[in-house]
Amino acid sequence: MEYDYSKLNDREFEILAATVIEKEYSIKVEIFKSGRDGGVDGRFWIGDKKEGIIQCKHYLETPYSQLISKLKNEELDKVKKLNPSKYIFITSKTLSRINKKEILNIFKPYIQTERDIWGKEDLNLFLSKKENQDVVERNYKLWITSTSVLDILINNAIKGRSQFTIRDIEEKSFRYVVTENHNKGLKILEENNVIILTGEPGIGKTTLADNLAILYIAKGYEFCDIEEDISEAESLYRENEQKKILFYCDDFLGSNIYDAINNKKDSHIVKFISRIRKDNSKKFILTSRTNILNKAYSLSHIFQNLKIRENEFLLTIENLTNIDKAKILYNHIYHSKLPKQFIDVIYKDKRYKDIIKHRNFNPRIIEFITDSSVIGDIKSENYWTYIHQSLNNPEVIWEGYFQNQTDDFVRALTFLTVFNNGKISEESLRDSYNTYLRIHPLNFGDNSDKSFESVRKLATKSLLNRNKIGDEKYEYVLFNPSIADFVLGTYSNEIDLICNILKSLNSEVSIDYLHTLLRNNKINKNLTSRILENLFDFFFESKLKDENWDFLITLSYIDFFDDIINKRLENFLNIIINADNPSGERLWELLFILTEFEPKIKFQNFEFLHGFINDVDDEDTLKRLLNFVDDNDIDDENILMQINILLDKYLISIVNNNDLDIDYSRHISNSYNYYEGDYEPDVDINGIEDEIRQNLDSFLDGFNENVLNKISFSTSDIISSIDVDSKITRYLESYEPDYDRDSHGGFYSGSSSDDDIDAIFER
């Protein structure tokens, strides 16, 4: 089996080598802290007094001739001074028999046999043996990048997007440093099945989530990357009830916090979290920025009821220890493509300590300041100033690169991606880019190729990432989330720019995102009317002609307190309520507009609603629909029949998703079986059935009682169809007696000595 040693830095390779020797020779190996080693990377004892020495050379990219030169001119003298009884040499380079003989001759008599010379092929052979898998698993990066684990990772992706998410996670794993947060997160996920990682931007939430996910995927969990719609995960859950699945949601709620709360996605998320906490065959990893989570908590009574901020599945990622920071910085430098003169700038006068101890240190900034593609034309003598400015003013970290090292065309692709909520398909981006070129003034400058294919290659891996999501299908996401923060902070007052971006995108996603930005004050609210008037001028007639009702509803939902807009909005509403068979998926917004708009719209009939209520499965949309029916005294048989069907589907989905929230433990008592020597549960089935009946009826609380009576809605048919026995059996299969669990508060960020930091960076 092949192992990828390039993912290890030199310190990590030394630890691996010591572990291998310890197991191979059944000896205790002492590992010394990083630093100038004097030729010693590990030490062991033969008997009481004879000293054995291990020396490692992680020289993957170094020519063999240079390795031999270094051994002869530097290492040999060190070995002679040490005068060990046994000397073991290990390298990550491939060695031939002739190479080993040459090394043996250099170090005679300290190396006594070629068995004490290990090359890449020897390490692979050792690590591939079944009895040595514990060594592989103890070295996280080596294990994650092994061919066997990579096969498991890719094969365990439930669908295409998840597969590409896994590939992206794996490609970044070499920069990962296992910290106290990692161990804490594993414990929470193992005990609670759910973990929400929260913290400030750039602190490492997504990186930690990614690597926790990889561990469970490698253990056999199938992987499901949830982007926006929790119902996608719910359907997978139902279809794979007995399978081990890890659900993953990065930046849940995200910048769309108000939309999520207003459209009641919070209830779906909370129910899904509650379901997974009770199911030991499933895991759920979520990340959220602290301010977003706090906002959700303040806005949503559902989140308050779940007590997210005080729950044992929440891990707030706080300050890293100085040693953790040192390892992160060293790892980024080691794997960077920075020229030596730039690295020397960081080492000069031990400036790495200034970086490590800076109040704004976080992994995202470290990634930025060590990325040679972002640094661009900065000269080495100006590099420290650049680092210092980036740390002091992280909010403008992209300013120099974005404004000075790109052109209008690369910026155009970035703008379009940002205003499409940070993600866009290649097909849509290409179309939007070509439209943007036509309608927005740009500086063409030279005669270089400005085609989409040419420009997207310049933007990729600097401002955008291009991810494969299917056969010949790609999507673009921001290279770093802080790019959106910079763009929105810098260009939020540029009305013409914002309007031309949204016109070019021509998507409901971008209009939804505009609404979110306005609600979050990311765009000056004083500009709202001017932006909307501009967009109405551009879109209104064409969308009416195309009967794109959802787009117009989305645009109208943003604001209808402007006289100029209201005239068009009134016209639109009168057109849609008199249209032939209009349809769409924006029922909640449509009902809101119809209810709140002044002057009130007069209805001759309500047939226009038929095409909007076919697939409603959201509790609050259903409640709004019932209230609308009651307020307007609607007797349309089609609508009333649809409501009956929708309520049936809604309650059945609660049953199928095990959202009845039955406390089975109240109806189970344990008796001791003296013959078998274990406990047998006694189950009160009648008590469970009564609780199911009460809980199912309670789900109708808050629904308009007048309409429920009008349609004579009853839960009796649903209750009679529930297979109570199978639900009890499933609960008993995962039943465990209650036990006390450790609370998961913040971890102590201890101090780390300067000597330990210096040792890591010793060269």
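Described below are features of the structure shown in this document. From a predicted model like this one, the values you see are computed outputs, not experimental measurements. (Residues numbered from 1 in each chain as written. Predicted model: local features only at pLDDT ≥ 70, side-chain atom pairs only at ≥ 80, totals over all residues. Heavy atoms only, no water.)

## Observations concerning the overall build of the chain
Line of reasoning, step 1. Counting its regular elements, the chain contains 39 helices and 14 strands.
Line of reasoning, step 2. Here the chain holds 763 residues, and the buried ones make up 53% of them.
Line of reasoning, step 3. Looking at the chain alone, contacts between residues at least 24 apart form 76% of all its contacts between residues at least 6 apart.
Line of reasoning, step 4. If you sum the accessible surface of the chain, you get close to 35,800 Å²; carbon and sulfur atoms cover 44% of it. (Helix = DSSP H or I, 4+ residues; strand = E, 2+ residues; numbered from the N terminus. Buried < 20%, exposed > 50% of the residue type's maximum accessible area, 1.4 Å probe, protein only. Contact = heavy atoms within 4.5 Å. Areas by Shrake-Rupley, 256 points an atom, 1.4 Å probe, with all protein chains shown as cover.)

## Structural notes on the packing of helix α24 (residues 426–439) against helix α27 (residues 495–505)
A pair of packed helices is captured by two measures, namely the crossing angle of their axes and the spacing between those axes.
Line of reasoning, step 1. Contact geometry for α24 and α27: axes closest at 8 Å, N-to-C directions at 135°. One finds that α24 runs oblique with respect to α27. Judged by the sense of rotation from one axis to the other, the crossing of α24 with α27 is right-handed. Within the contact between the two elements, α24 uses Ser432, Thr435, Tyr436 and Ile439 and α27 uses Leu497, Asn500, Ile501, Lys503, Ser504 and Leu505.
Line of reasoning, step 2. Residues belonging to the contact of α24 with α27 are distributed by class as follows: five nonpolar, four polar and one charged. (Axes fitted to C-alpha atoms, helices over the stretch in contact; angles between N-to-C directions. Parallel < 35°, antiparallel > 145°, perpendicular 65-115°, else oblique. Left-handed = near helix turned anticlockwise from the far one by under 90°. Nonpolar A, V, L, I, M, F, W, Y, C, P; charged D, E, K, R; others polar.)

## Observations regarding the pattern of salt bridges
Oppositely charged side chains are able to pair whenever their charged atoms sit close together.
Line of reasoning, step 1. Here the structure, examined in full by the defined rule, presents 31 salt bridges.
Line of reasoning, step 2. For Glu222, the salt bridge identified is with Lys243, shortest N-O distance 3.5 Å. Taken together, the residues span a long stretch of sequence, with Glu222 in strand β6 (residues 222–225) and Lys243 in the loop between α11 (230–239) and β7 (245–249) at a distance of 21 residues.
Line of reasoning, step 3. Each of Glu426, Arg430, Glu453, Arg456 and Arg466 takes part in salt bridges that share partners, so that together they form one network. (Salt bridge = Lys/Arg side-chain N within 4 Å of Asp/Glu carboxyl O.)

## Observations concerning the pairing of strand β12 (residues 473–478)
Line of reasoning, step 1. Strand direction decides the pairing type here: strand β10 (residues 423–425) and β12, joined by three bridges, are antiparallel. Note on β12: the bridge partner recorded for Ser425 is Glu475.
Line of reasoning, step 2. Looking at chain direction, strand β11 (residues 464–470) and β12 are connected through six bridges and run antiparallel. Residue Arg466 lies in a different strand from β12, and its bridge partner there is Tyr476. (Pairing = 2+ DSSP bridges.)

## Details of the packing of aromatic side chains
Line of reasoning, step 1. Counted by the stated rule, this structure contains 37 aromatic pairs.
Line of reasoning, step 2. With a centroid separation of 6.1 Å and 85° between ring planes, the pair formed by Phe606 and Phe628 is classed as edge-to-face. In this pair, Phe606 is assigned in the loop between α32 (587–596) and α33 (619–631) and Phe628 in helix α33, connecting sequence segments 22 residues apart. Comparing Phe606 with Phe628 shows no difference in burial state: the two are buried.
Line of reasoning, step 3. Taken together, the ring pairs in this structure connect Tyr330, Tyr334, Tyr347, Tyr352 and Phe761 into an aromatic cluster.
Line of reasoning, step 4. Here the basic side chain of Lys219 rests over the ring of Tyr216, its NZ or CZ set 4.6 Å away from the ring centre.
Line of reasoning, step 5. Over the face of the ring belonging to Trp588 we find Arg624, whose NZ or CZ atom lies 4.5 Å from the ring centre. (Phe/Tyr/Trp six-rings, centres within 6.5 Å; stacked < 30°, edge-to-face > 60°. Lys NZ or Arg CZ within 6 Å of the ring centre and 35° of its normal.)

## Looking at α27
Line of reasoning, step 1. For α27, the buried fraction is high: ten of the eleven residues fall into the buried class.
Line of reasoning, step 2. When α27 is considered as a whole, its buried residues turn out to be Ile495, Leu497, Ile498, Cys499, Asn500, Ile501, Leu502, Lys503, Ser504 and Leu505.
Line of reasoning, step 3. Those residues of α27 hidden inside the fold are in contact with α23 (408–418), β10, α24, α26 (482–491), α28 (508–519) and α29 (528–546).

## Considerations on the environment of Asp496
Line of reasoning, step 1. When you line up the elements, Asp496 lands in helix α27.
Line of reasoning, step 2. Sequence-wise, Asp496 and Asn534 are 38 residues apart; in three dimensions their C-alpha atoms are separated by 8.8 Å.

## A look at the side chain of His667
Line of reasoning, step 1. Among the structural elements, His667 can be located in the loop between α34 (637–656) and β13 (668–673).
Line of reasoning, step 2. In terms of polar contacts, His667 uses its side chain to reach the side chain of Glu691, at 2.6 Å.
Line of reasoning, step 3. Leaving out residues up to four positions away in the same chain, His667 has contacts with Asp682, Val683, Asp684, Gly687, Ile688 and Glu691. (Polar contact = N/O pair within 3.5 Å; in protein donor to acceptor, adjacent residues only side chain to side chain.)

## Description of the nonpolar core
Most often, soluble globular proteins have nonpolar side chains that are buried together.
Line of reasoning, step 1. One finds Trp398, Phe419, Phe572 and Phe761 to be the most contacted residues of the largest nonpolar core, which totals 145 residues.
Line of reasoning, step 2. It is α34 that provides the largest number of residues to this core, a total of nine residues.
Line of reasoning, step 3. If you look at the next biggest cluster of nonpolar residues, it comprises 74 residues, including Trp118, Ile166, Leu236 and Ile245. (Core = buried A, V, L, I, M, F, W, Y, C linked by side-chain atoms within 4.5 Å.)

## Things to note about the sheet that holds β10
Line of reasoning, step 1. What the three strands build is an open sheet, ordered β10-β12-β11; its pairing is antiparallel. Strands at the two margins of the open sheet, each flanked by one partner only, are β10 and β11. Across this sheet, the average inter-strand angle for adjacent strands is 25°, counted without regard to direction.
Line of reasoning, step 2. On top of the sheet, α23 reaches β10, β11 and β12; it is set at about 90° to β12, its chief contact.

## Focus: the sheet that holds strand β1 (residues 42–46)
Line of reasoning, step 1. Across the sheet, four strands lie side by side as β1-β2-β3-β4; this open sheet has mixed pairing. Unpaired on one side and paired on the other, β1 and β4 (117–118) mark the two borders of the sheet.
Line of reasoning, step 2. Two strands pair when backbone bridges link them, and strand β2 (residues 50–57) and strand β3 (residues 86–91) are joined in this way by six bridges, in the parallel orientation. Counterpart to Gln55 in the pairing with β3 is Phe89.
Line of reasoning, step 3. Contacting β2, β3 and β4, helix α1 (residues 10–24) crosses the sheet at an angle of about 140° to β2.

## Here's the deal with the packing of helix α9 (residues 180–192) against helix α10 (residues 205–218)
Line of reasoning, step 1. Look at α9 against α10: their axes get within 10 Å of each other, and the N-to-C directions meet at 55°. It follows that α9 is oblique to α10 by the angle criterion. In this structure, α9 meets α10 at a crossing whose hand is right-handed. Where α9 abuts α10, its residues Asn181, His182, Gly185, Leu186, Leu189 and Glu190 lie against Leu208, Leu212, Leu215 and Tyr216.
Line of reasoning, step 2. Here the residues of the contact of α9 with α10 are counted per class, giving six nonpolar, three polar and one charged.

## So, the environment of Arg351
Line of reasoning, step 1. Its location among the elements puts Arg351 in the loop between α17 (340–347) and α18 (352–356).
Line of reasoning, step 2. Assessed through its relative accessible area of 19%, Arg351 is described here as buried.
Line of reasoning, step 3. Arg351 sits 33 residues away from Trp384 along the chain, and the two C-alpha atoms are 8.9 Å apart.
Line of reasoning, step 4. Setting aside its immediate chain neighbours within four residues, Arg351 contacts Val345, Ile346 and Trp384.

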